Amino acid sequence: SGIPFLPLGVTVMIECALLGIILARVILSSRLHSHFRGVGESYLSNQDMIIDYVMVLLGFCGAFYTGFFPKPSFHIAPFVRFGLAVTIPWVHKVIGSFLRVSKSILTVGLFQIGTIVIAAWVAAMIFDDQDQKDIYGMPVNQGFESFGNSVYTMFAAQTTATLPDAMVPTYHNNKLVLLFWMPFYLLGVCIFAQVILATVYEEYQKEVEGGMKEGHKVREQGIELAFTYLKDSENKIIKNGEELEVVRYENFAEVVKLMSMVEQKEVLSSELIRICFDALDDDKSDAICRSEFADMCEMLQTALIITKRDSIVKEHLQGTAYGRLLERTMSNGSEGPDFGVCPPDGVESKFIGSPFDICMNMVLGMNVAWLILQSVFDLNDIPEPSWFSKVDLTFSFLYVFEVSVKLCWWSWQEYWTSSDNRFDFVTSLILAVAALAFLFFDAPRDWLRYLNLLRLIRLLKALNNIPEYERIMQIVMRMITTCGDVLVMNFLVVYIWAAWGQQLFGGLLVKDNPALKEQDDLDYFDSHFQVYNFNDMVLGMVTLFFVTITQWNNQVTCVCLALHEHFTFSWFLTCTYWISYYIASPLIAFNVFTAFSIDIFIKLEEMLDPKNQKEGEISKNLKGLQNDMAENQGLVLRIQEDAALRRERVFQAFFEDDDDDSDEDGADDADEKSSMEDGDDKADGDDKADGDDKAEGDDKSDTGDKV
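Quantities reported herein were computed from a predicted structural model and do not represent experimental measurements.

Quick notes on the rules
- Residues numbered from 1 in each chain as written.
- Predicted model: local features only at pLDDT ≥ 70, side-chain atom pairs only at ≥ 80, totals over all residues.
- Heavy atoms only, no water.
- Helix = DSSP H or I, 4+ residues; strand = E, 2+ residues; numbered from the N terminus.
- Buried < 20%, exposed > 50% of the residue type's maximum accessible area, 1.4 Å probe, protein only.
- Contact = heavy atoms within 4.5 Å.
- Areas by Shrake-Rupley, 256 points an atom, 1.4 Å probe, with all protein chains shown as cover.
- Salt bridge = Lys/Arg side-chain N within 4 Å of Asp/Glu carboxyl O.
- Disulfide = S-S within 2.5 Å.
- Phe/Tyr/Trp six-rings, centres within 6.5 Å; stacked < 30°, edge-to-face > 60°.
- Lys NZ or Arg CZ within 6 Å of the ring centre and 35° of its normal.
- pLDDT = per-residue confidence, 0-100.
- Axes fitted to C-alpha atoms, helices over the stretch in contact; angles between N-to-C directions.
- Parallel < 35°, antiparallel > 145°, perpendicular 65-115°, else oblique.
- Left-handed = near helix turned anticlockwise from the far one by under 90°.
- Nonpolar A, V, L, I, M, F, W, Y, C, P; charged D, E, K, R; others polar.
- Polar contact = N/O pair within 3.5 Å; in protein donor to acceptor, adjacent residues only side chain to side chain.
- Core = buried A, V, L, I, M, F, W, Y, C linked by side-chain atoms within 4.5 Å.
- Expected span 1.5 Å × (residues − 1).
- Patch = residues over 30% accessible without salt bridge, like charges linked within 9 Å, V, L, I, M, F, W, Y side chains within 5 Å.
- Lys, Arg positive; Asp, Glu negative; His and termini not counted.
- Charge placed at Lys NZ, Arg CZ, Asp CG, Glu CD.

### Structural notes on the overall build of the protein
Line of reasoning, step 1. Check the secondary structure of the protein and you find 27 helices and five strands.
Line of reasoning, step 2. Among the 707 residues that make up the protein, the fraction classed as buried is 37%.
Line of reasoning, step 3. Relative to all contacts within the protein whose residues are 6 or more apart in sequence, the contacts with residues 24 or more apart total 72%.
Line of reasoning, step 4. As presented, the protein carries roughly 41200 Å² of accessible surface, and 61% of it is formed by carbon and sulfur atoms.

In structure tokens, the structure reads:
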């Protein structure tokens, strides 16, 4: 892969040191597990701890073996790392979901396999004897010389990796073969592939929903148990005419302090404990009831950050002519408190639209135009005038000036809370150092290419001024964090198969390999695909990543199969490797990510719509605190939800909608059933009436006959 490797002795020492740290953690976890046995739920099972010990032991053995034999034929380290990862609870949960979802495609998969085998048998019967060549010099029966070749050709065609190449010779020879190919494509590509996608995603949805409901149930039990321990049974309060048990402020503060000890970090600072409690205490009774206590548990998953808004320079210039000039430059003149760099949602920033902001946006626009002009000179090999570099240096120093002015307006702590500001600071510093290097130290001009790339990335900030772009990026970032489990599932599949592929094909996919020398028809070498190999873990993962996003790669698969004689054990092992990877990654893991990410994107877009956002009592209380702190104290209170809490909110909204739809469908079915029953009753009544009329008619008829 071209990545530099550390010396063997250093890598063995690092590996042993890391394994020692893991071993210490495993021992500590097992002691805690035995100490708290029977209290609450187990964090690790006995089986997981045994796996941890076995994996660490195998890791030490592999490290020592590599130290004595530098080029072993089998590397155990990747499998040890995978085994250690599996015992992590949330990774274990992801693996369990993957295995349960795999079972769901069994029935549909059998139908698809049957379609491929039958189509391959028919194709072999039709085309195997047509060995004449078409006008392009290709045999008509290419890929159908035998039943085995026909099965592979139809399988690769079903993945769309060899379309339309697979049907070109036969289709060019006789157009009627469309009567064979089109039904196969409709069944294999258009129907069964989509049915597998729907089946896999439905099963994963059920798995996530079941896990969420179970987690919510355990969470509610934990909240109830905690409230029972913390409540003040002797003193109760009256709310809405009802006597309620409550948790006092003293107990709340003690819980937060204890949590800080367990988490080894400060959950809430002493000054924020009172703020947090006041936000929960709706009636200001200095106590919270059961419902407010549940909100407190969510609040403890929320980071409350207080920063000083104004810089020392701004405070020092307050009331002077320079201070008024700075304020006119950095403020847009809107009314209301100043919430600093990143105001809360729905609150207008006092900096956006200010004269300084408008001026710097104009500078960004001019820099974009300047980069376009430079690219025209570069792409057309036109010599650049010497003054071009001076213009580049001017832009670099303008960005340094921008950072300096902002730091004169906001405090360093407030400035650094914005990711955009952090990026601006780092890039401006690099560009300024490079400018000084060009001015005083005659730095190489080759650096300009990389600096221009860095400057171009910085100019992408201008897109943040487009509201739709900013909104889409916000949704995409939240979608990525929400789909974290699915992304980990895809990564683990690629990782473990890359480790397996390194053992099977590492260093073998080269022209000098005797097994490949006599095979001149391999498109792998003709297409210059040698870079896609399994010589190390990085290259193996890159190769499998492209196989995943393209569903299949015929060139890489064929060269791997060509390494061994047909129907040998190694050949069957290679077939098992590629078929299992196709099922695990493109069919299951990647399909789940594709469908799940689409649904999550739509749900996030709906949730972030201002029309659908509801403000609760806690939000109102916190907004009041934010306004008071910004207006009277010059402080900014930021509220950042934990990623796990945000993900849980999205899942909850997602599955609540599904439940509502199910309830509506059930109500519609009930109404339909009720109307059908009413219709049946009416029909019974009509039949009865008709019967009575008929009976009367018969009686009349009988009477007439008698007369």
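### Thoughts on the environment of Tyr185
Line of reasoning, step 1. In this fold, Tyr185 is placed in helix 8 (residues 178-230).
Line of reasoning, step 2. A C-alpha to C-alpha distance of 10.0 Å links Tyr185 and Thr159, two positions 26 residues apart in sequence.
Line of reasoning, step 3. In this structure Tyr185 touches Ala157, Leu163, Met167 and Cys190, once residues within four positions along its chain are discounted.

### Some details on the pattern of salt bridges
Line of reasoning, step 1. The final tally for this structure, using the stated rule, is 12 salt bridges.
Line of reasoning, step 2. Note that Lys213 is salt-bridged to Glu209, the shortest N-O span being 3.1 Å. Taken together, the residues span about one helical turn, with Lys213 and Glu209 both in helix 8 at a distance of four residues.
Line of reasoning, step 3. Exposure remark for Glu209: the relative accessible area of 17% places this residue in the buried category.

### Concerning the state of the cysteines
Line of reasoning, step 1. By the definition in use, this model includes zero disulfides.
Line of reasoning, step 2. As a non-bridged cysteine, Cys558 has Cys560 as the owner of its nearest cysteine sulfur, 9.3 Å distant.

### As for the environment of Pro337
Line of reasoning, step 1. By secondary structure assignment, the location of Pro337 is in the loop between helix 13 (321-330) and helix 14 (355-379).
Line of reasoning, step 2. Along the chain, Pro337 and Met629 lie 292 residues apart, while their C-alpha atoms are 9.2 Å from each other.
Line of reasoning, step 3. Among residues more than four places away in sequence, those in contact with Pro337 are Lys350, Asn627, Ala630 and Glu631.

### Quick word on the packing of aromatic side chains
Line of reasoning, step 1. This structure, assessed with the given rule, holds 44 aromatic pairs.
Line of reasoning, step 2. Between Tyr524 and Phe525, the ring centres sit 5.1 Å apart and the planes meet at 85°, which makes this aromatic pair edge-to-face. For the pair formed by Tyr524 and Phe525, the shared burial category is buried.
Line of reasoning, step 3. For the ring pair Trp571 and Phe572, a centre distance of 5.1 Å and an interplane angle of 75° mean the geometry is edge-to-face.
Line of reasoning, step 4. Among the residues examined, Phe572 registers a relative accessible area of 43% and is labelled partly exposed.
Line of reasoning, step 5. Ring pairs connect the aromatic residues Tyr152, Phe155, Trp497, Trp500, Phe505, Phe534, Trp552, Tyr577, Trp578, Tyr581 and Tyr582, which therefore count as one cluster.
Line of reasoning, step 6. Over the aromatic face of Tyr171 sits the side chain of Lys175, whose NZ or CZ is 5.5 Å from the ring centroid.

### What to know about the confidence of the model for the protein
Line of reasoning, step 1. Averaged over every residue, the pLDDT of the protein is 81; residues scoring 70 or more account for 85%.
Line of reasoning, step 2. Below pLDDT 50 for its whole length, residues 672-677 participates in zero contacts with residues either more than four positions away or in separate chains.
Line of reasoning, step 3. Below pLDDT 50 for its whole length, residues 685-707 participates in zero contacts with residues either more than four positions away or in separate chains.

### A few points about the packing of helix 24 (residues 554-561) against helix 25 (residues 569-607)
Line of reasoning, step 1. Helix 25 packs onto helix 24 with a crossing angle of 160° between their chain directions and a minimal axis gap of 9 Å. Taken together, the axes of helix 24 and helix 25 are roughly antiparallel relative to one another. Where helix 24 crosses over helix 25, the handedness of that crossing is right-handed. On helix 25, the residues touching Val556, Thr557, Cys560 and Leu561 of helix 24 are Trp571, Thr574, Cys575 and Trp578.
Line of reasoning, step 2. Among the residues forming the contact of helix 24 with helix 25, the class breakdown is six nonpolar, two polar and no charged.

### Considering the side chain of Ser418
Line of reasoning, step 1. If you trace the backbone, Ser418 turns up in the loop between helix 16 (412-416) and helix 17 (419-440).
Line of reasoning, step 2. You can call Ser418 buried: its relative accessible area is 7%.
Line of reasoning, step 3. A distance of 3.3 Å separates the side chain of Ser418 from the backbone nitrogen of Asp420, its partner in a polar contact.
Line of reasoning, step 4. Discounting residues that sit within four places of it in the chain, Ser418 has contacts with Val341 and Cys342.

### Quick word on the nonpolar core
Line of reasoning, step 1. In terms of nonpolar packing, the biggest core is built from 83 residues, with Met154, Trp181, Phe505, Phe534, Leu544 and Trp578 touching the most fellow members.
Line of reasoning, step 2. Apart from the residues within four sequence positions on either side, Met154 is in contact with Ile116, Ala119, Ala120, Phe144, Phe180, Trp181 and Phe184.
Line of reasoning, step 3. Tyr249, Ala279, Leu304 and Leu637 belong to the second largest nonpolar core, which has 26 residues in total.

### Quick notes on helix 4 (residues 89-104)
Line of reasoning, step 1. For helix 4, built from 16 residues, the straight-helix expectation of 22 Å at 1.5 Å per residue is met to within 8% by its first-to-last C-alpha distance of 23 Å.
Line of reasoning, step 2. Residues Val91, Val94, Ile95, Gly96, Ser97, Phe98, Val101 and Ser104 constitute the buried set of helix 4.
Line of reasoning, step 3. Check the buried side of helix 4 and you find it contacts helix 3 (77-86), helix 5 (106-127), helix 8, helix 20 (484-505) and helix 25.

### Digging into a nonpolar patch on the surface
Line of reasoning, step 1. Together, Leu106, Leu110, Ile113, Val117, Trp121, Met125, Ile126 and Phe147 give the surface a local cluster of nonpolar side chains, amounting to about 830 Å² of exposed area.
Line of reasoning, step 2. Element by element, the count of residues in the nonpolar patch is highest for helix 5, at seven residues.
Line of reasoning, step 3. Counting through the fold element by element, Ile126 comes out in helix 5.

### Let's talk about helix 6 (residues 147-158)
Line of reasoning, step 1. Taking 1.5 Å as the rise per residue, helix 6 with 12 residues should run 16 Å; its terminal C-alpha atoms sit 16 Å apart, in good agreement.
Line of reasoning, step 2. For helix 6, the set of buried residues is Ser150, Thr153, Met154, Phe155, Ala156, Ala157 and Gln158.
Line of reasoning, step 3. The inward-facing, buried residues of helix 6 abut helix 5, helix 8, helix 24 and helix 25.
Line of reasoning, step 4. Directly beyond the C-terminal end of helix 6, a positive phi value near 70° is found at Thr160.

### Section: the side chain of Thr574
Line of reasoning, step 1. Looking at where Thr574 falls in the secondary structure, it is placed in helix 25.
Line of reasoning, step 2. When its relative accessible area of 1% is taken as the criterion, Thr574 is described as buried.
Line of reasoning, step 3. Thr574 has contacts with Phe505, Cys560, Leu561 and His564, leaving out every residue within four places of it along the chain.

### Remarks on unusual backbone geometry
Line of reasoning, step 1. Here the bond from Leu163 into Pro164 is cis, since omega is -5°, no more than 30 degrees from zero.
Line of reasoning, step 2. With respect to the element layout, Pro164 can be found in the loop between helix 6 and helix 7 (168-173).
Line of reasoning, step 3. In the Ramachandran plot, Gln551 falls in the positive-phi region, its phi being about 75° despite a non-glycine side chain.
Line of reasoning, step 4. Following the sequence through the fold, Gln551 ends up in the loop between helix 23 (537-549) and helix 24.
Line of reasoning, step 5. What makes Gln551 partly exposed here is its relative accessible area of 23%.

### Quick look at a negative patch on the surface
Line of reasoning, step 1. Together, Asp165, Glu518, Asp520, Asp521, Asp523 and Asp526 give the surface a local cluster of negative charge.
Line of reasoning, step 2. In this structure, Asp165 sits in the loop between helix 6 and helix 7.

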